[in-house]
Amino acid sequence: MKMNDFRLDGKIALVTGASYGIGFAMASGLAEAGATIVFNDINQDLVNRGIAAYKEAGITAHGYVCDVTNEDQVNEMIAQIEKEVGVVDILVNNAGIIKRIPMIEMTAAQFRQVIDIDLNGPFIMAKAVIPSMIKKGHGKIINICSMMSELGRETVSAYAAAKGGLKMLTRNICSEYGEYNIQCNGIGPGYIATPQTAPLREIQPDGSRHPFDQFIVAKTPAGRWLEAEELAGPAVFLASDASNAVNGHILYVDGGILAYIGKQPK
Ligand code: NAP
Ligand code: GCO
C-alpha cells in the first residue's frame, strides 16, 4: 500500500444533491484529495449557491441542474459532463429526502416520492455512469445509506424502505459489475447536523433541547451529533484505490450508534 493510493488526482467525482449538507462536505473532501468536482442539484438557484460555496472553499466545481429521478435529465447531464469535463470516475449518490409522517397517515404519493428520490434516483444515476466506467476499466460508486438501512423508527417508513433497498442495490451493483473493476459501496451516516435533521434539534419553547436531540446524544457513544465533515475521510477512502478490494460494503460512520444499547437515563 502506498499513501498515494488515497489520492484522487486526475479523477472526476460526481456528487448528487451537493450544493450543501453532507454532499458538499464529502465533495470538499474529495477535492482535497485531488478530484475534479462535479455536482447537481434540483434547481439553478441551488446550483449557483453551491458553485459560490465551493469557490469560497477554493474549489472550482462544475454544477448542473438535474432531478435524479428524471432519466432523460440524468442521461443529458452525463452526456454534457462527459463533453465538458470528462468521464465520471466516482459517483456519490447523495441526493435524498425524508418525510417524517406516521405510516398510516402517509399517502401513497408521499411514500412513492421518497422511494423515487432515495432509491430510484441512485439506480438511474448508477445506470447512467456504469457503461462509461466499464469502457474506462474502473469506477467507484458510493451510495449514501443511513441508520435506517438497518433500523426502523416511528414516522420514517418510506425512508427506511428506500435506504434498506439502497443497501441491497449497493450489494447488487457490486455483484453484477465487480468483474469490470467497479466497486460499489455505501456510507451509512449516523445522525449528522444538517438542514435535513434541523427539525430534530430545534430548541423547545421552554429552552430545553428537542427530546429527539437528547435521545440521539444518549444513543451515540461519543454523546454528540456528528458533523458532515466527518464523512469526508470515509468518502475519500471508498473513492480511492486504497479501497479497490472493498466491494458491496456499507461503511457505517455513526459514532458507534449501531454498536451501542444507549446510555441509561439519569
Ligand atoms: P439535505 O441537507 O436535505 O440535502 C439533500 C440535497 O439533495 C439537497 O441539496 C436537496 O435539494 C437535494 N435533492 C433532493 N431531491 C433531489 C432530486 N430529486 N434531485 C437532485 N437533488 C435532490 O440532506 P443531508 O442531510 O445533506 O443528507 C444527504 C444524504 O445523506 C441524503 O441521502 C440523506 O438521506 C443521507 N443521510 C443524512 C443523514 C443526516 O443525519 N443528515 C444521516 C444519514 C443519511 P433541496 O434543497 O431542493 O431539497
Ligand atoms: C430521522 C433522521 C435520520 C437521519 C439518518 C440517520 O428522522 O431519523 O432524519 O433518518 O437522516 O438517516 O442515519
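In this text, all values refer to a predicted model and were calculated from it rather than measured experimentally.

1. So, the packing of aromatic side chains
Working step 1: Per the stated rule, a full pass over the model turns up seven aromatic pairs.
Working step 2: Cluster of aromatic residues (ring-pair linked, three or more members): Tyr191, Phe212, Phe215 and Trp225.
Working step 3: The residue whose ring lies beneath Arg201 is Trp225, and the NZ or CZ to ring-centre distance is 5.3 Å.

2. Some points on the packing of helix α3 (residues 71-84) against helix α4 (residues 108-136)
The relative placement of two packed helices comes down to the angle between their axes together with the axis-to-axis distance.
Working step 1: At a closest axis distance of 9 Å, the pairing of α3 and α4 adopts a crossing angle of 35°. Considering how the two elements wind past one another, α3 and α4 form a crossing that is right-handed. Along its contact with α3, which presents Glu71, Val74, Asn75, Met77, Ile78 and Glu82, the element α4 presents Ile124, Met125, Lys127, Ala128, Val129 and Ser132.

3. Observations regarding the site of ligand 2
Working step 1: Close to ligand 2 lie 14 residues, the nearest being Arg100, Ser146, Arg153, Tyr159 and Tyr191.
Working step 2: Note that an oxygen atom of ligand 2 is positioned 2.6 Å from one of the side-chain N or O atoms of Ser146.
Working step 3: A distance of 2.8 Å separates an oxygen atom of ligand 2 from a polar atom in the backbone of Met147.
Working step 4: Bound to the protein, ligand 2 loses 96% of the 330 Å² it would expose on its own.
Working step 5: Classifying every residue of the shell around ligand 2 gives eight nonpolar, four polar and two charged.

4. Side note on the environment of Leu91
Working step 1: Looking at the secondary structure, you find Leu91 in strand β4 (residues 90-93).
Working step 2: Leu91 sits in the buried class, given a relative accessible area of 0%.
Working step 3: Here the alpha-carbon distance between Leu91 and Val15, two residues 76 residues apart in the chain, equals 6.0 Å.
Working step 4: Not counting the four nearest positions on each side in its chain, Leu91 is found in contact with Leu14, Thr16, Met125, Ala126, Val129, Met133, Lys140, Ile141 and Ile142.

5. Some thoughts on the sheet that holds strand β2 (residues 36-41)
Working step 1: Strand order in the open sheet formed by seven strands is β3-β2-β1-β4-β5-β6-β7, and the pairing between neighbours is parallel. The strands lining the two open edges of the sheet, one partner per strand, are β3 (62-65) and β7 (250-253). Adjacent strand axes in the sheet meet at a mean angle of 20° when their direction is disregarded.
Working step 2: Pairing between β2 and β3: four bridges, direction parallel. Among the inter-strand pairings, Val38 is bridged to a residue of β3, identified as His62.
Working step 3: Relative to β2, helix α2 (residues 44-56) is tilted by about 155°, and along the sheet it contacts β2 and β3.
Working step 4: Sheet contacts for α3: β1 (12-16), β2 and β3; angle to β3, the most-contacted strand, approximately 155°.

6. Topic: α4
Working step 1: End to end, α4 covers 41 Å across 29 residues, agreeing with the expected 42 Å (1.5 Å per residue, within 8%).
Working step 2: Along α4, the sharpest kink reaches roughly 40°, centred on Asp116.
Working step 3: Positive backbone phi, at 90°, marks Gly137, one or two positions downstream of α4.

Reading the values: rules and limits
Numbers given to residues run from 1 along each chain, matching the order in which its sequence is written. Each chain is given a letter, starting from A, and each ligand a number, starting from 1, according to the order in which they appear as written. Only residues with pLDDT of at least 70 are given local features in this predicted model, and only at 80 or more are side-chain atom pairs given and counted; all residues enter the totals for whole chains, interfaces and linings. The basis for every side-chain value is the complete set of non-hydrogen atoms in the structure, without hydrogens or water. Working definition: rings of Phe, Tyr and Trp (its six-membered ring) pair if their centres are within 6.5 Å, and the pair is stacked with planes under 30 degrees apart, edge-to-face with planes over 60 apart, and tilted otherwise. A ring is scored as having a charge over it whenever the NZ atom of a lysine or the CZ atom of an arginine sits within 6 Å of its centre and within 35 degrees of its normal. For every element, the axis is a line fit to its C-alpha atoms; helices are fit only across the contacting stretch, and the angle between N-to-C directions ranges from 0 to 180 degrees. Counting from the N terminus, the helices are DSSP H or I runs at least four residues long and the strands are E runs at least two residues long. Note on convention: the crossing is left-handed when the near helix lies turned anticlockwise from the far helix by less than a right angle, right-handed when the turn is clockwise. In what follows, a contact means two residues having at least one pair of non-hydrogen atoms within 4.5 Å. Nearness is defined per residue: one heavy atom within 4 Å of the molecule or strand is enough. Polar contact is the term for a pair of N or O atoms within 3.5 Å; when the atoms are in protein, one must be able to donate a hydrogen and the other to accept it, and sequence-neighboring residues count only if both atoms are side-chain atoms. Residue-level accessible areas treat just the shown protein chains as cover; the underlying method is Shrake-Rupley with a 1.4 Å probe. The classification used treats Ala, Val, Leu, Ile, Met, Phe, Trp, Tyr, Cys and Pro as nonpolar, Asp, Glu, Lys and Arg as charged, and all other residues, Gly among them, as polar. Think of it in three bands: with a 1.4 Å probe and only protein chains considered, a residue is buried below 20% of the maximum accessible area for its type, exposed above 50%, and partly exposed in between. The pairing criterion is simple: DSSP has to find at least two bridges between the two strands. To estimate how far a helix should extend, the number of its residues minus one is multiplied by 1.5 Å. Bend is the name given here to the angle between axes fitted to two runs of seven residues, the run ending at a residue and the run starting at it.

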